There are 2 protein chains.
Amino acid sequence: MPSGHQPPKDPITLTIEEVHALATRCLMASGADAENARAVADTVTAAERDICASHGLFRIPGYCASLKSGKANGNARPMASQIAPSVVRVDGDGGFAPLAIEVGRAPLIEAARAQGVASLAINDIHHFAALWPETQALAEAGLVGFAFTAALPYVVSAGGRTPIFGTNPMSFAWPRPGKDPMVFDQASSTLARGDIQIARRDGHSVPLGTGVDTDGKDTTDPAAILDGGAQLPFGGYKGSAIAMMVELLTGALIGDKFSFEAQAVDNGDGGPPKGGEFMLAIDPARHGDAEGWAAHAELLFERMLQDEGVRLPADRRHANRKLTPTQGAQIPASLHETLAGLAEG
Amino acid sequence: MPSGHQPPKDPITLTIEEVHALATRCLMASGADAENARAVADTVTAAERDICASHGLFRIPGYCASLKSGKANGNARPMASQIAPSVVRVDGDGGFAPLAIEVGRAPLIEAARAQGVASLAINDIHHFAALWPETQALAEAGLVGFAFTAALPYVVSAGGRTPIFGTNPMSFAWPRPGKDPMVFDQASSTLARGDIQIARRDGHSVPLGTGVDTDGKDTTDPAAILDGGAQLPFGGYKGSAIAMMVELLTGALIGDKFSFEAQAVDNGDGGPPKGGEFMLAIDPARHGDAEGWAAHAELLFERMLQDEGVRLPADRRHANRKLTPTQGAQIPASLHETLAGLAEG
């Protein structure tokens with residue numbers, strides 16, 4: 001996430017509380033009710049708190065556009081149901097993902113503890129956030145968490161020319177009792193789309209291998225990738241296989257939309273597409289080493305960190321998280337101006 | 001798997017039945033009982049049938065070495081138990097993986113169908129095969145399958161210098177009723193170790209990015225990577241994160257060995273290390289689209305294949321599988337000679 005971590009050129013500093021309040025005002029002025037606005041503002045604030053600009057306030061204009069266009073339901077009332085002993089389903093009611101995830105969380109955790117492993121199928125949502133907030137929450141409850149979601153067709157399959165896969169992130173979280181969980185959350189594209197968008201906004205180039213232009217040629221120009229070009233999967237055919245897996249899990253498995261199907265019904269408002277999310281929760285206390293699993297994992301982390309130059313995933317985010325409560329969050333003045341306008345309604 | 005698909009220089013042709021019989025004779029002459037020898041020979045034969053040289057007869061000398069050294073138990077009697085409603089555990093009794101996987105398969109399938117999702121923790125085995133035979137078997141039973149296993153520390157973590165991860169493959173299979181399942185099985189290293197070994201044997205180079213030499217420098221020389229060098233994860237920090245995830249799932253989660261722990265107790269006989277395997281089985285009929293999931297997935301595959309240059313994973317293996325029953329399997333004369341010697345006992 002290289003470009004996402006470069007500070008904006010002309011920053012405005014907000015406290016974390018101000019971030020939350022501003023996000024909430026924008027969303028409610030665009031038609032969200034208090035509960036849906038609060039849930040989205042929570043994930044946007046978590047991203048700003050961790051200095052993940054591409055999932056922070058940067059996303060609010062897109063959320064608001066989808067409320068105003070009527071694509072997303074700002075008054076969604078997601079409902080959870082148990083459709084098998086180890087399977088929880090949430091009907092997202094056409095709203096944004098965060099509230100639907102909250103509604104599914106407790107029954108998923110309960111099912112995983114009771115059964116050893118459980119899944120969560122979330123349908124009819126609009127996901128526009130990182131996945132680490134939801135896997136981290138599972139790890140904080142002592143469970144191993146997986147999450148997957150698709151998007152719009154931005155990424156070519158290995159060997160192909162036509163975008164078919166979303167950036168299709170996969171997140172994995174490992175519980176570390178008494179510590180921040182180990183969490184990774186990575187797009188199956190080389191770079192997250194939000195980071196390419198931020199590179200374009202800030203006039204940065206992107207690394208070769210990020211994507212191709214309209215002629216299928218490699219380019220470092222974010223605009224050429226975003227406007228008619230395509231993103232590339234990470235690691236060639238292996239990342240492509242993972243992108244396909246994410247489509248199958250969040251499309252065919254749970255009866256929701258593939259990225260190309262989401263595009264066919266999207267109104268192009270710039271906000272998040274329709275789709276689903278698939279999660280797994282695994283209880284390490286039910287897998288054969290109830291007493292030892294946590295200490296055992298620490299041996300791996302210690303060994304990894306003995307190698308100079310190696311960091312655990314999310315360590316930078318967790319370090320940032322300790323700074324922003326006092327430093328505040330920095331956003332570009334232009335974004336702040338846009339948000340001030342949205343907050344006026 | 002580029003080098004694995006180059007035909008040997010001086011081939012001997014065997015029928016598929018001869019492959020199985022030869023593997024069985026070698027294993028039994030080295031101390032395996034009929035049941036364990038048959039199970040290993042099945043996976044070796046499946047690999048030769050699909051022209052996956054690196055998991056075919058090429059592995060037999062290593063299996064035999066671990067029988068003769070006493071590391072692996074050729075008379076293992078793996079036992080399955082249900083340790084939670086959705087969790088099956090198999091005690092592998094120190095044997096090779098194939099028989100333990102067979103013992104766990106039926107209870108895993110039963111649990112996944114009853115609960116919607118289930119996991120399988122296999123402990124105290126020696127895994128020396130591909131993972132696709134076990135995920136494919138789940139898909140043939142109508143389930144989505146995942147499998148993970150670790151190895152010995154061959155791969156550096158992103159940014160590091162010291163090998164810590166195994167090549168740590170992950171396999172995923174999707175059921176296609178009436179067709180061969182969609183299966184991928186990919187190392188979290190850039191190249192599978194067996195393919196590097198075959199490149200050394202056959203005098204080929206490997207692509208840049210496969211690994212580094214003892215000085216940490218990039219190299220295309222398979223021997224430099226295998227002898228004191230290290231392999232690299234695919235896709236940089238993202239493949240490294242997946243390798244770490246595999247260690248956590250097959251080490252800490254199920255109470256078995258990390259790759260570096262397996263090395264500490266390994267006798268260096270060249271055969272497979274001690275360790276565990278973790279699998280997941282997910283019933284698509286219990287996830288919200290019981291009637292439509294299979295046809296829905298075909299829409300994705302069709303769309304992918306409309307893009308010239310795109311293949312589905314495993315398509316080459318499945319095509320090979322139709323040829324070898326008449327063409328037979330080709331192995332190098334030197335390997336055949338080695339195996340003939342092992343079969344004599």
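Counting starts from 1 at the beginning of each chain's written sequence and moves along it residue by residue. All chains are assigned letters beginning with A, and all ligands numbers beginning with 1, in the order in which they are written. Under the rules for a predicted model, residues below a pLDDT of 70 receive no local features and side-chain atom pairs below 80 are neither given nor counted, while totals for whole chains, interfaces and linings still include all residues. The basis for every side-chain value is the complete set of heavy atoms in the structure, and neither hydrogens nor water enter the calculation.

*Asks:* I keep staring at the side chain of B:S30 and nothing clicks. Help me out?
*Replies:* Residues and elements named next belong to chain B. Secondary structure elements follow DSSP: runs of H or I no shorter than four residues count as helices, runs of E no shorter than two count as strands, and numbering proceeds from the N terminus. The residue S30 is located in the loop between α1 (16-29) and α2 (34-49) in this model. Of the residues examined, S30 reaches a relative accessible area of 8% and is grouped as buried. Residue contacts for S30: discarding those within four places in its chain leaves C64, L67 and K68. Accessibility here uses a 1.4 Å probe with only protein chains present; expressed as a share of the type maximum, an area under 20% marks a residue as buried, one over 50% as exposed, and anything in between as partly exposed. The contact rule is simple, with two residues in contact once any of their heavy atoms fall within 4.5 Å.

*Asks:* Sorry, what's going on with the nonpolar core here?
*Replies:* Nonpolar side chains tend to gather and get buried jointly when the protein is soluble and globular. Core analysis: the largest hydrophobic core is formed by 75 residues, its most contacted members being A:F172, A:W174, A:M245, B:F172, B:W174 and B:M245. Filtering out sequence-adjacent residues up to four positions away, B:F172 remains in contact with A:M245, A:L248, A:L249, B:T135, B:V144, B:G145, B:F146, B:M182, B:V183 and B:F184. Definition of nonpolar core: a set of buried residues of the types Ala, Val, Leu, Ile, Met, Phe, Trp, Tyr and Cys, connected through side-chain atoms within 4.5 Å.

*Asks:* Hey, could you run me through the relation of the copies chain B and chain A in this one?
*Replies:* For these two chain copies, the linking operation is a rotation about an axis paired with a shift along it. Placing chain B over chain A gives an RMSD of 0.0 Å and needs a rotation angle of 180 degrees, together with 0.0 Å of translation along the axis. This pairing of chains is accounted for by a two-fold axis. For chain B, the minimum C-alpha distance to the rotation axis belongs to B:G235 and amounts to 2.0 Å. Here 100% of the interface residues in chain B have copies in chain A that are interface residues too; the copies meet face to matching face. The copies were overlaid with a least-squares fit restricted to C-alpha atoms from residues scoring a pLDDT of at least 70 in each copy.

*Asks:* What is the right way to look at the interface of chain B and chain A in this model?
*Replies:* How big an interface is tends to be expressed through the accessible area that disappears when the partners come together. Taken together, the contact pairs 75 residues of chain B with 75 residues of chain A. In total, about 5,800 Å² of surface goes out of reach between chain B and chain A, with carbon and sulfur atoms giving 72% of it. Here, a salt bridge means any Lys or Arg side-chain nitrogen found within 4 Å of an Asp or Glu carboxyl oxygen. Counting across the chain B and chain A interface gives zero salt bridges. At 13 residues, the largest contribution of residues to the side of chain B that touches chain A is made by helix α8 (residues 237-253) of chain B. Residue classes follow a fixed rule: Ala, Val, Leu, Ile, Met, Phe, Trp, Tyr, Cys and Pro count as nonpolar, while Asp, Glu, Lys and Arg count as charged, and any other residue, Gly among them, counts as polar. Its residues assigned to classes, the side of chain B that touches chain A comprises 46 nonpolar, 19 polar and ten charged. By buried area we mean the combined loss of accessible area, with a 1.4 Å probe, across both parts when two parts are placed together.

*Asks:* Could you clarify how one ought to interpret the packing of aromatic side chains in this entry?
*Replies:* Ring geometry is summarised as follows: Phe, Tyr and Trp rings, the Trp one being its six-membered ring, pair when their centres sit within 6.5 Å, and such pairs are stacked at plane angles under 30 degrees, edge-to-face over 60 and tilted between the two. Scanning all chains against the criterion turns up 17 aromatic pairs over all chains. Ring centres of A:Y63 and A:F96 lie 4.7 Å apart, and the angle between their planes is 90 degrees; on these two criteria the pair is classed as edge-to-face. Note that A:Y63 is positioned in helix α3 (residues 60-68) and A:F96 in the loop between β3 (87-91) and α4 (97-115), a separation of 33 residues in sequence. Accessibility expressed as a relative area gives 0% for A:Y63, which makes it buried. For A:F96, a relative accessible area of 3% translates into the label buried. Ring plane angle 80 degrees and centroid distance 5.8 Å describe the contact between B:W174 and B:W293, whose orientation is recorded as edge-to-face. Of the two residues, B:W174 sits in strand β8 (residues 170-174) while B:W293 sits in helix α10 (residues 293-305), which places them 119 residues apart along the sequence. For B:W293, a relative accessible area of 9% puts it in the buried group. Put simply, the rings of A:F146, A:F148, A:F172, A:F184 and A:F278 pair up and form one aromatic cluster. Note on criteria: charge over ring means Lys NZ or Arg CZ within 6 Å of the ring centre, with the direction from the centre no more than 35 degrees off the ring normal. Seen from the ring of B:Y154, B:R193 lies directly overhead, with NZ or CZ sitting 3.4 Å from the centre.

*Asks:* Please explain the sheet that holds β8(B) as it appears in this structure.
*Replies:* Remark on secondary structure: sheet strands pair via backbone hydrogen bonds, oriented parallel or antiparallel. All names here are of chain B. Spatial strand order, β2-β3-β4-β13-β5-β8-β9: seven strands in an open sheet with mixed pairing. The sheet is open, and its two borders are formed by β2 (79-84) and β9 (182-186), each paired with just one other strand. Adjacent strand axes in the sheet meet at a mean angle of 15 degrees when their direction is disregarded. The pairing criterion for strands is at least two bridges between them, as found by DSSP. Strand direction decides the pairing type here: strand β5 (residues 144-149) and strand β13 (residues 275-282), joined by six bridges, are antiparallel. Residue F148 lies in a different strand from β13, and its bridge partner there is F278. The axes used here are C-alpha line fits, helices contributing only the stretch in contact, and every angle between their N-to-C directions lies in the interval 0 to 180 degrees. The sheet contacts of helix α5 (residues 132-140) involve β5, β8, β9 and β13, and relative to β8 the element is tilted by about 25 degrees.

*Asks:* I'm lost on the pairing of β3(A) in this one. Help?
*Replies:* Consecutive side chains of a regular strand alternate in pointing toward one face of the sheet and then the other. Residue and element names in this part refer to chain A. Two strands pair when backbone bridges link them, and strand β2 (residues 79-84) and β3 are joined in this way by five bridges, in the antiparallel orientation. By the bridge assignment for β3, M79 is matched with D91. Count of turn residues in the β2/β3 antiparallel hairpin: two residues. In this sheet, strand β4 (residues 117-126) lies alongside β3 in parallel orientation, the contact comprising five bridges. Paired with D91 across the bridge in β4 is N123.

*Asks:* I'm lost on the packing of α3(A) against helix α12 (residues 333-344) of chain A in this one. Help?
*Replies:* Residues and elements named next belong to chain A. Look at α3 against α12: their axes get within 10 Å of each other, and the N-to-C directions meet at 30 degrees. In terms of orientation, α3 lies roughly parallel with respect to α12. Both α3 and α12 take part in a crossing whose hand is left-handed. Residues I60, P61, C64 and K68 of α3 pack against L335, T338, L339 and L342 of α12. Across the contact of α3 with α12, the residue classes break down as six nonpolar, one polar and one charged. Orientation is classified from the angle alone, with under 35 degrees giving roughly parallel, over 145 giving roughly antiparallel, 65 to 115 giving roughly perpendicular, and any other angle giving oblique. By definition, any crossing whose near helix is turned counterclockwise from its far helix by less than a right angle is left-handed, and any crossing with a clockwise turn is right-handed.

*Asks:* Whenever I open this one, the state of the cysteines confuses me. Can you help?
*Replies:* One covalent bond between the sulfur atoms of two cysteine residues makes up a disulfide. Residue and element names in this part refer to chain A. Count a disulfide wherever a pair of cysteine sulfur atoms falls within 2.5 Å. Applying the stated rule across the entire model yields zero disulfides over all chains. There is no disulfide at C52, and the cysteine sulfur nearest it, in C26, is 20 Å away. Assessed through its relative accessible area of 7%, C52 is described here as buried.

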